[in-house]
Amino acid sequence: MASDEEEEEYGYFYDDDDAEEDASAGLEQAAAPPPERRADYWAITQESLPTAQKEDLSTVMNLLNVKQHQARALLIHHRWRMDGVYDRLDKGRERMLRDAGIVLQENNIMAATGSTMPWRIMHCNVCFEDIPMGVVLTMDCGHCFCNDCWTQHFYAAVESGKKQIRCMEVKCPAFCDEDHVRRLLSRKYPEMAKRFNRFLLESYLEDNDSVKWCPSAPNCGRAIRVGTGERYCEVECPCSLSFCFNCMAHAHSPCPCTIWEKWNAKRTEGENIKWILANTKSCPKCFKAIEKNGGCNLVRCNCGQCMCWLCGGGTGLDHTWTSIAGHSCNRYKEETRGKTADSSREQMQRYKHYYDRFKIHGDSYGVEKQKLGPTLLERVRLLEADLKRPLTIRDGDWLIRAHRRLLVSRQVLSRSYAFAYYMFGGELRTRPCGRAGLAVARNLFEDQQEQLEQHVERLSELLAGADAAAMPEAEIVQAKQKAVTLVKTVERLCGEMYKCIQDELLTLLVEPMTIAAYRPDGPDKAEELTA
Ligand SMILES: [Zn+2]
Ligand SMILES: [Zn+2]
Ligand SMILES: [Zn+2]
Ligand SMILES: [Zn+2]
Ligand SMILES: [Zn+2]
Ligand SMILES: [Zn+2]
Ligand SMILES: [Zn+2]
């Protein structure tokens, strides 16, 4: 569907200076994320993977003064989350390393002896041979075995898929120095050494909560790293796909992940339900949907019950071409809903209400993106080429900017109906104390939704009519002012809706849910990491 795709068509920067100040300006600034967080999304390719990994490794190596394999072990232990490492710094270096199963180098005589007196003989406790010190290896933990035994140990470990190899000594928790592993393996089993290297690199993607593969299909081959350690956020990959970093579906805020998943599962039923509502009636006895065939308005259900097709009421079987015995329904009666509670049909009607709105806004998004977008670009091009006009008039950035916000708010609106369908459908368990709060918060939410809807339509209309290149200067100034004000309002309303959903509504649920923060410009863009 159109609303699911995201393409980066325009690159521009929002310059707050040229936007008129109004009452909502303070609020926006308060809600804006700190600037350094914005740049903390990186796209990693096969080529830049070593660079990405090395960055994190050297940070930890410098921070704790440890070797590379120790830094790696620590990072794998914390699933490569730098914030996890920083959070535990106050425990002290030793404690932190010990918790991760890292043994620091002890002053061991063996290693020293090995380098100064290679002819000395030691006994290897694995092969029980006497070996000259020149061909034995002592690990950080102080355990010493002959090179051949170590090599076989490494071989078996890599063979079985291990990227972290423990010492050979029974019960020694230390991880082997990866430089030693690499060096010994490459002498005898160069293929295994390569495989080991690959394991180490891949660990950065597999054991890493901050890095995920872009879910684009066909796959763009990039992995995205979120440096903030945030889980509930939306990212735009350089391949133009925007996705939710938590559930990996296409971006869906302000609808929470689990609700979005339910909604999509149900969405396939959407058209089906519409058809049932339009073409069938429910049997007054068994409530099954009945389809009419033939011209006669007395219809008989499989359960045996007869009904009048005109009003849906139950009747007897006795009828002529023009009337049903004992039944008349020509007079208009007020809805008798509730008396003949057809709950499944009501459920469908309720679903249709939300589905229609979800789809209408989604379709509008598609048109505004594919038709209005190029139109606006062309108008801006013409306007900017009109050198007879003053520079400030020729600048058409405001149109592009407003258009971008229009697209984002359109999606917010569309998805807000998916959220509302489940939030107010009684299917999600709410806290017992939250029942009263739900009604209040629902009112607030629906007011916001209504207002947002109105302003988004106004913005859409304004942009569709803003043929700036053909407008006199005074009109351009006016249209620009209107657009800037509308954009601000729409932005404020979206922000408030996100806040209402997160703080007022989702908090009422027994199972907590979190949504990504509102970004007026759409999901944060990941930058390509250069190798
Ligand atoms: Zn040995
Ligand atoms: Zn050991
Ligand atoms: Zn991608
Ligand atoms: Zn999600
Ligand atoms: Zn029936
Ligand atoms: Zn008949
Ligand atoms: Zn009737």
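Since the model is a prediction, treat every value here as computed from it, not as a measurement.

Colleague: An account of the overall build of the protein chain is needed here, citing residue identities and associated values.
Modeller: Along the backbone of the protein chain there are 17 helices and 16 strands. Evaluated residue by residue, the protein chain yields a buried proportion of 45% over its 531 residues. Counting contacts in the protein chain only where the partners sit at least 6 residues apart, residues at least 24 apart contribute 64% of the total. Split by element, the accessible area of the protein chain, about 27700 Å² in all, is 52% carbon and sulfur.

Colleague: Just give me the short version of the coordination of the zinc ion (ligand 5), but keep the residues and values in it.
Modeller: Here the zinc ion (ligand 5) is held by the protein donor atoms Cys 283 (SG), Cys 286 (SG), Cys 301 (SG) and Cys 303 (SG), which lie 2.2 to 2.3 Å from it. For the zinc ion (ligand 5), the four donor atoms in the first shell make angles of 105 to 118° at the metal, so the coordination geometry reads as tetrahedral.

Colleague: How would you summarise the packing of helix H12 (residues 270-279) against helix H13 (residues 343-385) if you had to cite specific residues and measurements?
Modeller: Across the interface, H12 lies against H13 with an axial gap of 10 Å and an inter-helix angle of 125°. Compared by their axis directions, H12 and H13 come out oblique. For the pair H12 and H13, the crossing hand works out as left-handed. Contact with H12, carried on its side by Gly 270, Glu 271, Ile 273, Lys 274, Ile 276 and Leu 277, involves Arg 345, Met 348, Gln 349, Tyr 351, Lys 352, Tyr 355, Asp 356 and Lys 359 of H13 and no other residues of that element. Of the residues assigned to the contact of H12 with H13, the class counts are six nonpolar, two polar and six charged.

Colleague: Would you mind going over the coordination of the zinc ion (ligand 3) in detail, with residue names and values included?
Modeller: The textbook angles at a metal center are 109.5 degrees for a tetrahedron of four donors and 90 or 180 degrees for an octahedron of six. Protein coordination at the zinc ion (ligand 3): the donors are Cys 214 (SG), Cys 220 (SG), Cys 237 (SG) and Cys 239 (SG), at 2.2 to 2.3 Å from the metal. Around the zinc ion (ligand 3) sit four donor atoms, and with donor-metal-donor angles ranging over 104 to 114° the site reads as tetrahedral. Here the donor residues of the zinc ion (ligand 3) share one chain and are spaced in sequence as C-x5-C-x16-C-x1-C. Residue Cys 214 is found in the loop between strand S6 (211-213) and strand S7 (223-226), and its partner Cys 237 is found in the loop between strand S8 (234-236) and strand S9 (242-244); the two are separated by 23 residues along the sequence. When its relative accessible area of 2% is taken as the criterion, Cys 237 is described as buried.

Colleague: Before we move on, can you summarise helix H8 (residues 147-159) with the specific residues and values?
Modeller: Taking 1.5 Å as the rise per residue, H8 with 13 residues should run 18 Å; its terminal C-alpha atoms sit 18 Å apart, in good agreement. All buried positions along H8 are accounted for by Asn 147, Cys 149, Trp 150, Thr 151, Phe 154, Ala 157 and Val 158. Gly 161 sits one or two positions beyond H8 and adopts a positive phi of about 90°.

Colleague: I'd like a description of the UniProt feature "coiled-coil region" (unreviewed entry) in the protein chain, backed by residues and values.
Modeller: If you check UniProt for "coiled-coil region" (unreviewed entry), the listed places come out as residues 438-469 in our numbering. Helix and strand shares over residues 438-469 are 88% and 0% respectively, and the end C-alpha atoms of the span are 49 Å apart.

Colleague: Now, about the nonpolar core: what can you tell me, with residues and values included?
Modeller: The tendency in soluble globular proteins is for nonpolar side chains to be buried as a group. Membership of the largest hydrophobic core comes to 63 residues, with the highest contact counts inside it found for Trp 263, Phe 419, Phe 445, Leu 452 and Leu 505. Every element with two or more residues in this core is listed here: helix H11 (257-267), H12, H13, helix H15 (397-423), helix H16 (435-465) and helix H17 (473-505). Top element by residues in this core is H15. It accounts for 15 residues. Other than its neighbours up to four places away in sequence, Trp 263 contacts Tyr 351, Tyr 354, Tyr 355, Phe 358, Tyr 417, Ala 418, Tyr 421 and Tyr 422.

Colleague: Before we move on, could you go through the state of the cysteines and cite the residues and values that matter?
Modeller: Taken as a whole, this structure holds zero disulfides when the rule is applied. As a non-bridged cysteine, Cys 144 has Cys 124 as the owner of its nearest cysteine sulfur, 7.8 Å distant. Residue classification places Cys 144 among the buried residues on the basis of a relative accessible area of 10%.

Colleague: Just give me the short version of the environment of Ala 71, but keep the residues and values in it.
Modeller: Assignment of secondary structure puts Ala 71 in helix H4 (residues 68-77). Here Ala 71 falls in the buried class, since its relative accessible area comes to 0%. Distance in space between the C-alpha atoms of Ala 71 and Thr 59 is 8.7 Å, their sequence separation being 12 residues. When residues no more than four places from it in sequence are discounted, the contact partners of Ala 71 are Leu 57, Val 60, Met 61 and Val 66.

Colleague: Mind laying out the packing of aromatic side chains, listing which residues take part and the relevant values?
Modeller: For the structure shown, the criterion picks out 17 aromatic pairs. Judged by centre distance (5.4 Å) and plane angle (75°), the ring pair of Phe 145 and Trp 150 falls under edge-to-face. On the basis of relative accessible area, Phe 145 is assigned to the buried category, the value being 4%. Considering the side-chain rings of Tyr 351 and Tyr 421, the 5.2 Å spacing of their centres and the 75° angle between planes classify their relative orientation as edge-to-face. Note that Tyr 351 is positioned in helix H13 and Tyr 421 in helix H15, a separation of 70 residues in sequence. Residue classification places Tyr 351 among the buried positions, given a relative accessible area of 1%. Among the residues examined, Tyr 421 registers a relative accessible area of 6% and is labelled buried. By the ring-pair criterion, three or more aromatic residues cluster together here, those being Trp 260, Trp 263, Tyr 351, Tyr 354, Tyr 355, Phe 358, Tyr 417, Tyr 421 and Tyr 422. Across from the ring centre of Tyr 351, 5.0 Å away, lies the NZ or CZ of Lys 266, which sits over that ring.

Colleague: So what's going on with the pairing of strand S1 (residues 41-44)? Which residues, and what values?
Modeller: Bridge count between S1 and S7: four bridges; the pairing is antiparallel. Counted as the bridge partner of Ala 43 is Ile 224 from S7. In this sheet, strand S16 (residues 527-528) lies alongside S1 in parallel orientation, the contact comprising two bridges. What sits directly across from Ala 43, in S16, is Glu 528.

Quick notes on the rules
Counting restarts for each chain: residues are numbered from 1 in the order of the written sequence. Think of it this way: whatever chain is written first is A, whatever ligand is written first is 1, and the rest follow in order. Thresholds applied to this predicted model are a pLDDT of at least 70 for local features of residues and 80 or more for the giving and counting of side-chain atom pairs; totals over whole chains, interfaces and linings are not thresholded and use all residues. The basis for every side-chain value is the complete set of non-hydrogen atoms in the structure, without hydrogens or water. Helix numbering and strand numbering both begin at the N terminus, where a helix is a DSSP run of H or I of at least 4 residues and a strand a DSSP run of E of at least 2. When accessible area is computed with a 1.4 Å probe and restricted to protein chains, residues below 20% of their type maximum are described as buried, those above 50% as exposed, and intermediate ones as partly exposed. In this description, contact between two residues means that some pair of their heavy atoms is separated by no more than 4.5 Å. Accessible areas in this description were obtained via Shrake-Rupley with a 1.4 Å probe; residue shielding takes into account the shown protein chains only. Atoms are scored as donors when they are N, O or S and lie within 2.8 Å of the metal, with 3.2 Å used for Na, K and Ca; no water is included, so coordination may look incomplete. A four-donor site is called tetrahedral if each angle lies between 85 and 135 degrees; a four-donor site is square planar, and a six-donor site octahedral, when trans pairs exceed 155 degrees and the remaining angles lie between 65 and 115; all other cases are labelled irregular. Here, axes are lines fitted to C-alpha atoms. For helices the fit covers the stretch in contact, and angles between N-to-C directions go from 0 to 180 degrees. Should an angle fall under 35 degrees it is taken as roughly parallel, and over 145 as roughly antiparallel, whereas 65 to 115 is taken as roughly perpendicular and any remaining angle as oblique. Throughout, a crossing is termed right-handed when the near helix is turned clockwise from the far one, and left-handed when it is turned anticlockwise from it by less than a right angle. Each residue gets one of three labels, nonpolar for Ala, Val, Leu, Ile, Met, Phe, Trp, Tyr, Cys and Pro, charged for Asp, Glu, Lys and Arg, and polar for the others, Gly among them. A helix is expected to span 1.5 Å multiplied by its residue count minus one. UniProt positions are given in the numbering used here, feature names are shortened, and annotations may be inferred rather than shown by experiment. Buried Ala, Val, Leu, Ile, Met, Phe, Trp, Tyr and Cys residues that are joined via side-chain atoms within 4.5 Å together make up what is termed a nonpolar core. In plain terms, two cysteine sulfur atoms within 2.5 Å form what is called a disulfide here. Working definition: rings of Phe, Tyr and Trp (its six-membered ring) pair if their centres are within 6.5 Å, and the pair is stacked with planes under 30 degrees apart, edge-to-face with planes over 60 apart, and tilted otherwise. Sitting over a ring, as applied to charges here, requires NZ of Lys or CZ of Arg to be within 6 Å of the ring centre and within 35 degrees of the ring normal. Any two strands with at least two DSSP bridges between them are considered paired.

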